[in-house]
Amino acid sequence: MNLLNQLQLPSPVQKFEFPDGVGAEINFFIKRDDLIHPHISGNKWRKLKLNLLNAQAKKLDTVLTFGGAFSNHLAATAVACHPQGLKSIGVVRGEEVDLNNPTMKFVQECGMEIFPISREDYKLKTDEGFIQGLHEQFGIFYLVPEGGANFYGLTGCQEIVTENPEDFEKIDLVCCSAGTATTISGILAADLFNFKTLCFSPFKGGAFLKQEIEKHLLFGYWDKEWVEEKLNSVELILDYHFGGFGKIKPELIKFIDWIYTETGIRFDLLYNGKMLFAIYDLCKRGFFKSGQNIMIIHTGGVQGNAGFSNVKL
Ligand SMILES: *Cc1c(COP(=O)(O)O)cnc(C)c1O
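No experiment lies behind these values; they were computed from the predicted model shown.

Enquirer: How should the packing of helix H11 (residues 250-263) against helix H12 (residues 272-284) be read in this particular structure?
Expert: The angle between the axes and the distance between the axes are what describe a pair of packed helices. Put simply, H11 and H12 touch, their axes get as near as 10 Å, and they point 85 degrees apart. In terms of their interaxial angle, H11 and H12 are classed as roughly perpendicular. Where H11 abuts H12, its residues Glu251, Leu252, Phe255, Ile256, Trp258 and Ile259 lie against Gly273, Lys274, Leu276, Phe277 and Tyr280. Considered class by class, the residues forming the contact of H11 with H12 number eight nonpolar, one polar and two charged.

Dropping the structure here:
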């Protein structure tokens, strides 16, 4: 894959401190998956890698996938397919989608064909009959589910831990945000070391994430006892959703602006910004233990900030 030459892998790990000294007694590290590639950022690359290899191994020249109007996954797929000589089709949620929003503009510039569908139809995205219909319309393609949430995506995410195991050797706690929970499930599936995991929900009512993790692990690894043990090592953090997925508040914007100004690290508003805000708040509440070694997974996604006009990042 010629694209591989442009990727910063393994992604770097760096020490992190909050600029005002909050949590100074805790050893924070950040795994900078946001630096893997400017556009194929973070966990989206991890989840696409084996899917694209698989498409090529099957000699398919078109990849079709699904996403919302500001989807990091669509952006990553569009950019990753192009240099591989793969055509990409993005089935987008909502017929009202503004095809000129920054993400939609960008993916089309990368050669992705955009196909908006109604929200009702979008719910059928895993339905066999619906997918058959897409084949009738677009011909033969390799299907990547929304968010790259399949076995290959899960397997790719194991590399967050396995590409440089020594980074995780002394880690007590891993912090990761979740959407489909494929990324965090991959981290668990890597099955290295005994760190605990905090799973941060960007959704209101994110308790379902535990079942999602269980589904991913059972589907891929089907040893019930092992899955149970892994699930017990996960704690959900549910209270920092800021009103729900895609919802933001001025204090969140202010917080990520502050972090960017003081540390130079950009955080997205949908996932990592909410997670880091939560970590900061949990520090103040004495949630973490002094001397704990904590790895924060930065899953990238900063491209999505362009969709919020009041954010300067
Ligand atoms: C998609 C995405 C996630 C969610 O990853 P899952 O594997 O679906 O849980 C987290 N962070 C960012 C920046 C994302 O774009």
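Enquirer: How should I be thinking about the packing of aromatic side chains in this particular structure?
Expert: Aromatic ring pairs are reported here in terms of the distance separating the ring centres and the angle at which the planes meet. Summed over the entire model, instances satisfying the criterion amount to 17 aromatic pairs. Here Phe255 and Tyr280 contribute two aromatic rings whose centre-to-centre distance is 5.3 Å and whose plane-to-plane angle is 45 degrees, an arrangement assigned as tilted. Here Tyr280 lies in helix H12 and Phe255 lies in helix H11, a separation of 25 residues in the sequence. Take Phe255 and Tyr280: they sit in the same class, and that class is buried. Ring geometry for Phe287 versus Phe288: centroids 5.1 Å apart, planes at 85 degrees, classification edge-to-face. The class for Phe287 is partly exposed, based on a relative accessible area of 33%. Looking at Phe288, the relative accessible area reads 7%, which means it is buried. Of the aromatic side chains, those joined through ring pairs into one cluster are Phe16, Phe18, Phe28, Phe242, Phe255, Trp258, Phe277, Tyr280, Phe287 and Phe288. Positioned above the aromatic ring of Phe29 is the side chain of Lys15, whose terminal nitrogen or guanidinium carbon lies 5.3 Å from the ring centre. One cation-aromatic arrangement involves Lys44 over Tyr271; the distance from NZ or CZ to the ring centre is 5.9 Å.

Enquirer: Quick question: what am I supposed to make of the sheet that holds strand E10 (residues 293-298) here?
Expert: Sheet strands associate in pairs through backbone hydrogen bonding, adopting either a parallel or an antiparallel arrangement. Reading across from one edge, E1-E2-E10-E7-E8-E9 is the order of the six strands in this open sheet, with mixed pairing throughout. Of all strands in the sheet, those with a lone pairing partner are strand E1 (13-16) and strand E9 (234-237), marking the two edges. Direction aside, neighbouring strands of the sheet carry axes that sit 25 degrees apart on average. In this structure, strand E7 (residues 173-177) lies alongside E10, joined through three bridges in parallel fashion.

So, how was this worked out
- Residues numbered from 1 in each chain as written.
- Predicted model: local features only at pLDDT ≥ 70, side-chain atom pairs only at ≥ 80, totals over all residues.
- Heavy atoms only, no water.
- Axes fitted to C-alpha atoms, helices over the stretch in contact; angles between N-to-C directions.
- Helix = DSSP H or I, 4+ residues; strand = E, 2+ residues; numbered from the N terminus.
- Parallel < 35°, antiparallel > 145°, perpendicular 65-115°, else oblique.
- Contact = heavy atoms within 4.5 Å.
- Nonpolar A, V, L, I, M, F, W, Y, C, P; charged D, E, K, R; others polar.
- Phe/Tyr/Trp six-rings, centres within 6.5 Å; stacked < 30°, edge-to-face > 60°.
- Buried < 20%, exposed > 50% of the residue type's maximum accessible area, 1.4 Å probe, protein only.
- Lys NZ or Arg CZ within 6 Å of the ring centre and 35° of its normal.
- Pairing = 2+ DSSP bridges.

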